[in-house]
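# Commentary on secondary and tertiary structure
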Amino acid sequence: MAANDDGPPLYLGFDLSTQQLKAIVVGSDLKTVARAHVDFDADFGARYGIAKGVHVRPSTGEVYAPVALWLESLDLVLERLAAALRALSLSLSRVRGVSGSGQQHGSVYWNADAEALLAALDPARPLAAQLAGPGTGTALAHPWSPNWQDQSTQAECDAFDAALGGRQRLAEVTGSGAHHRFTGPQIMRLRRVHPQVYAETARISLVSSWLASVLLGRIAPLDTGDACGMNLWDMPGARWHPELLALAAGGPGEPAERLRRMLGEPCLDGGRPLGRIGRYFVAKYGFRPDCQVLPFTGDNPATILALPLRPGDAIVSLGTSTTFLMHTTRRAPDGAYHFFNHPTTPGHYMFMLCYKNGGLARERVRDALPAATAPAAAPGGTGWEAFDRAVVETPPLGVFRDGDGEDRAKMGLYFDLRETVPNIRAGTWRFTCRAADGSDLREAAVEDGDETAWPPAADARLIVESQALSMRLRSQKLVRPVARADDPRQRLLPAQPRRIYLVGGGSLNAAIAETLGSVLGGADGVYKLDVGGSACALGGAYKALWGLERGGGGGGDHGDADGDGQTFDDLLAARWQEEGAIERVHVGYREGTYEQYGNVLGAFEEMEQRVLAEENQLERER
């Protein structure tokens, strides 16, 4: 079929994750037109010796990826995307703008030849051969990019946490306490362990800005939302923090200034076009010469761009791990969690909680259910039937009446892996407290007590409640009283998220969805979100669309230089069609039930603190 280059504009979004490179094309109506992806292990695993997209060095805790792999993948994904468009009688010449995301915190190290090599890419040769060597054809000072799973920077994290007077102060300035994966500690370690590499580095990109640089044909600036994942960006001051630069660079003065030049100044307007796509992509894949490249952001900020989140809305990702994201206008930093600048809206933030214990911990509780409660799964079943039944049949907080006639609530911590929020070792802890006010917190044990007071099947509901109570505890400073949309009285409900969107495998489980809604609320309900497994790439495509159509003209109207025009939220809300993308799965706030969980929130925090104190005592005794 002949490609039709005429017609409404299209927009392209990328997502460079740990295991895949995805590309998705959308129209001005936000509808997906075509998509393609490269699976690193399946397509290139034998050549690069990777497993799940990375190399792991257990002796040091290093986890890293070959940059050449990503270059080969970019060529391949564009070949596949062009073929997918041709099948629809379309071509990449219809694409007016490109943006996207990259795995957050990862870094790429360019040498002094990078700018010249990027500008002179030859469409007759593959990207990897021209930019990743071997020999003189390399733009890289280091062939590897540290991955977000890296655990090698404990000494550097300790230094970052101490640099400004403590972890809490670091979070107030940068949005987060120090973390192994954050780019500042990673740069500091690279300078210590690989001094020659650091000496040969001319520029440093995040994974997101690295991909933008290749497409642009010159080094692209970092995005402020992604820069917040570095422990170097001063969020209140909108600048690189001089003391933290000096720490990572090895001293104030010229070392810190050199690192500042290596990082460049981030782009403060996430919708500002950076320039036209490189000639390589025009000649080789048929992009239009005036196709614009816009700032790329991190995968976590890109996630909240995949649907019209308004301030107060939250996304809960229920996968192997659990992630809680919220769009907020309030900033209340804490060393236990993360704040990032919103990737499109100045003065707004993304709040993020990351839990290691998610689906795997729930599976372990499922598998430990008593045999009488957990018969073999029915043919074609999922194995979750008994778990779901236990959740539904257990009352909120497993409330029971003790021998004194007092209603007591059950709470637990269920960690198969050492958790980060809070930083507690693997284990299971069970407590009870007065249901009315959370007082009289006591440790409990099923095997030593009356099983009628704590039946083992109660753990199914309590693990879901525990995960949700932790999210509610840590997000309570960010929520406001809100009116329910379908309440004709428009009365203000207790402070809670407006809407809660569920994604990931656990979102398919009705019992889990209902329990999360009962604990977290959701004045306008709880929804299952389906964006086809490409939320980050979709968010990138929407970001490109907004950047070029926010001025109101569409089809290449770039808006004005000051970034005025329609906000990202307003543009998406005006064009978003919920049908087929989201499904309401729970009413959310239920009067009485939400307050019942609120009564024990203080006891839940006390339970965590008691276990954490035991953990610290054990470490002191070692």
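Residues numbered from 1 in each chain as written. Predicted model: local features only at pLDDT ≥ 70, side-chain atom pairs only at ≥ 80, totals over all residues. Heavy atoms only, no water.

## Details of the sheet that holds strand β5 (residues 62-66)
Rules: Here, any two strands with at least 2 DSSP bridges between them count as paired. Numbering of helices and strands runs from the N terminus; a helix is a DSSP stretch of H or I covering at least four residues, while a strand is a stretch of E covering at least two. Every angle, taken between N-to-C directions, lies between 0 and 180 degrees, and every axis is a line fitted to C-alpha atoms, over only the stretch in contact when it is a helix. Contacts were defined at the residue level, with two residues in contact if any of their heavy atoms lie within 4.5 Å.
Spatially, the 3 strands line up as an open sheet ordered β4-β5-β8, and their pairing is antiparallel. Two strands in the sheet have a free side with no partner beyond their single neighbour: β4 (55-57) and β8 (144-146). On average, each strand axis in the sheet is tilted by 35 degrees relative to the strand beside it, whichever way the strands run. Pairing of β5 with β8, which is carried by 3 bridges, proceeds in the antiparallel orientation. From the neighbouring strand, Ala65 faces β8, where its bridge partner is Ser145. This element, helix α2 (residues 67-86), spans β5 and β8 of the sheet and lies at about 40 degrees to β5.

## Quick notes on helix α19 (residues 535-549)
Defined as follows: Multiplying 1.5 Å by the residue count of a helix minus one yields the expected span of that helix. A 1.4 Å probe rolled over the protein chains alone gives each residue an accessible area, and that area as a share of the maximum for its type sets the label: buried under 20%, exposed over 50%, partly exposed in between.
Across its 15 residues, α19 extends 21 Å between first and last C-alpha, which sits within 8% of the 21 Å expected from 1.5 Å per residue. Burial runs high along α19: 15 of the 15 residues are buried.

## Quick word on empty space enclosed by the protein
This is how the line gets drawn: A cavity, in this analysis, means grid points on a 1 Å lattice covering only the protein atoms where a 1.4 Å probe fits yet has no way out; a pocket is instead an open set bounded by protein on both sides within 12 Å along at least five of seven lines, and a residue lines either one if it has an atom within 4 Å of a point. Grid points are joined across faces, edges and corners, and a volume is the space filled by probe spheres set on the points. Residue polarity follows a fixed list, in which Ala, Val, Leu, Ile, Met, Phe, Trp, Tyr, Cys and Pro are nonpolar, Asp, Glu, Lys and Arg are charged, and the others, Gly among them, are polar.
Under the counting rule described, the total for this entry stands at 1 cavity of 30 Å³ or more. Here the largest cavity defines a volume of roughly 120 Å³. Lining of the largest cavity is provided by 14 residues; of these, Tyr355, Phe415, Ser466, Gln467 and Ser470 occupy positions nearest its centre. Elements with a minimum of two residues in the lining of the largest cavity: β20 (407-415), α17 (458-475) and α22 (601-621). Per-class residue counts for the lining of the largest cavity are 8 nonpolar, 4 polar and 2 charged.

## Observations regarding the UniProt feature "domain: Carbohydrate kinase FGGY N-terminal" (unreviewed entry) in the protein chain
We count it as follows: UniProt positions are given in the numbering used here, feature names are shortened, and annotations may be inferred rather than shown by experiment.
Mapped onto this numbering, the UniProt entry gives "domain: Carbohydrate kinase FGGY N-terminal" (unreviewed entry) at residues 148-248. Counting secondary structure, residues 148-248 comes out at 55% helix and 8% strand; the distance between its end C-alpha atoms is 18 Å.

## Overview of the layout of surface pockets
Estimated volume of the second largest pocket: approximately 380 Å³. Every residue lining the second largest pocket is counted, 25 residues in all, and those nearest its centre are Leu268, Thr344, Thr345, Pro346 and Gly347. Residue classes in the lining of the second largest pocket are distributed as 9 nonpolar, 12 polar and 4 charged.

## Overview of the packing of aromatic side chains
Quick note on the threshold: Whether two aromatic rings pair depends on their centres lying within 6.5 Å, for rings of Phe, Tyr and Trp, where Trp uses its six-membered ring; planes under 30 degrees apart make the pair stacked, over 60 edge-to-face, and the rest tilted. Charge-over-ring placement is defined geometrically: NZ (Lys) or CZ (Arg) within 6 Å of the ring centre, and within 35 degrees of the ring normal.
Under the definition given, this model contains 16 aromatic pairs. Connected via pairs of aromatic rings, a cluster forms that spans Phe324, Tyr337, Phe339 and Phe351. Geometry around Trp384 places Arg366 over its ring, the cationic atom sitting 4.6 Å from the centre. The residue whose ring lies beneath Arg472 is Tyr594, and the NZ or CZ to ring-centre distance is 3.7 Å.

## Notes on the packing of α17 against α22
Formally: Under this scheme an angle from 65 to 115 degrees is roughly perpendicular, one under 35 degrees roughly parallel, and one over 145 degrees roughly antiparallel; angles in between are oblique.
Interhelical geometry of α17 versus α22 gives an angle of 100 degrees and a closest axis separation of 10 Å. By the angle between their axes, α17 is roughly perpendicular relative to α22. Taking contact as the criterion, the partners of Ser466, Leu469, Ser470, Arg472, Leu473 and Arg474 in α17 are, on α22, Leu601, Phe604, Glu605 and Glu608. Its residues assigned to classes, the contact of α17 with α22 comprises 4 nonpolar, 2 polar and 4 charged.

## Thoughts on the environment of His179
Filter applied, for reference: As used in this structure description, the phrase polar contact means that two N or O atoms lie within 3.5 Å; if the pair is within protein, one of them must be able to donate a hydrogen and the other to accept it, and residues adjacent in sequence are counted only when both atoms belong to side chains.
Among the structural elements, His179 can be located in the loop between α6 (167-174) and α7 (183-193). His179 sits in the buried class, given a relative accessible area of 13%. As a C-alpha pair, His179 and Gly335 span 156 residues in sequence and 9.8 Å in three-dimensional space. Filtering out sequence-adjacent residues up to four positions away, His179 remains in contact with Thr153, Cys157, Arg167, Pro185, Asn231, Gly335 and His338. One polar contact links His179 to Arg167, side chain to side chain, over a distance of 3.4 Å.

## Some points on the domain arrangement of the protein chain
Quick reminder of the rule: Residue ranges for the domains originate in an automatic or database domain assignment.
Parsing the protein chain into structural domains produces domain 1 (10-301) and domain 2 (364-464). Computed over C-alpha atoms only, the centres of domain 1 and domain 2 are separated by 43 Å.

## A closer look at the pattern of salt bridges
Applied cut-off: Every case where a carboxyl oxygen of Asp or Glu lies within 4 Å of a side-chain nitrogen of Lys or Arg is listed as a salt bridge.
Taken as a whole and assessed by the stated rule, the structure comprises 32 salt bridges. Put simply, Asp440 and Arg408 hold a salt bridge, and the shortest N to O gap is 3.1 Å. In this pair, Asp440 is assigned in the loop between β21 (427-434) and β22 (442-444) and Arg408 in strand β20, connecting sequence segments 32 residues apart. Of the residues examined, Asp440 reaches a relative accessible area of 28% and is grouped as partly exposed. Residue Arg408 is classed as buried on the basis of its relative accessible area, which comes to 1%.

## Overview of unusual backbone geometry
Cis rather than trans, the peptide bond between Val421 and Pro422 has omega equal to -5 degrees. Within the element layout of this structure, Pro422 appears in the loop between β20 and β21. At Lys52, a residue that is not glycine, the phi angle is positive and equals roughly 55 degrees. Along the chain, Lys52 turns up in the loop between α1 (40-48) and β4. On the basis of relative accessibility, which here comes to 57%, the residue Lys52 falls in the exposed class.

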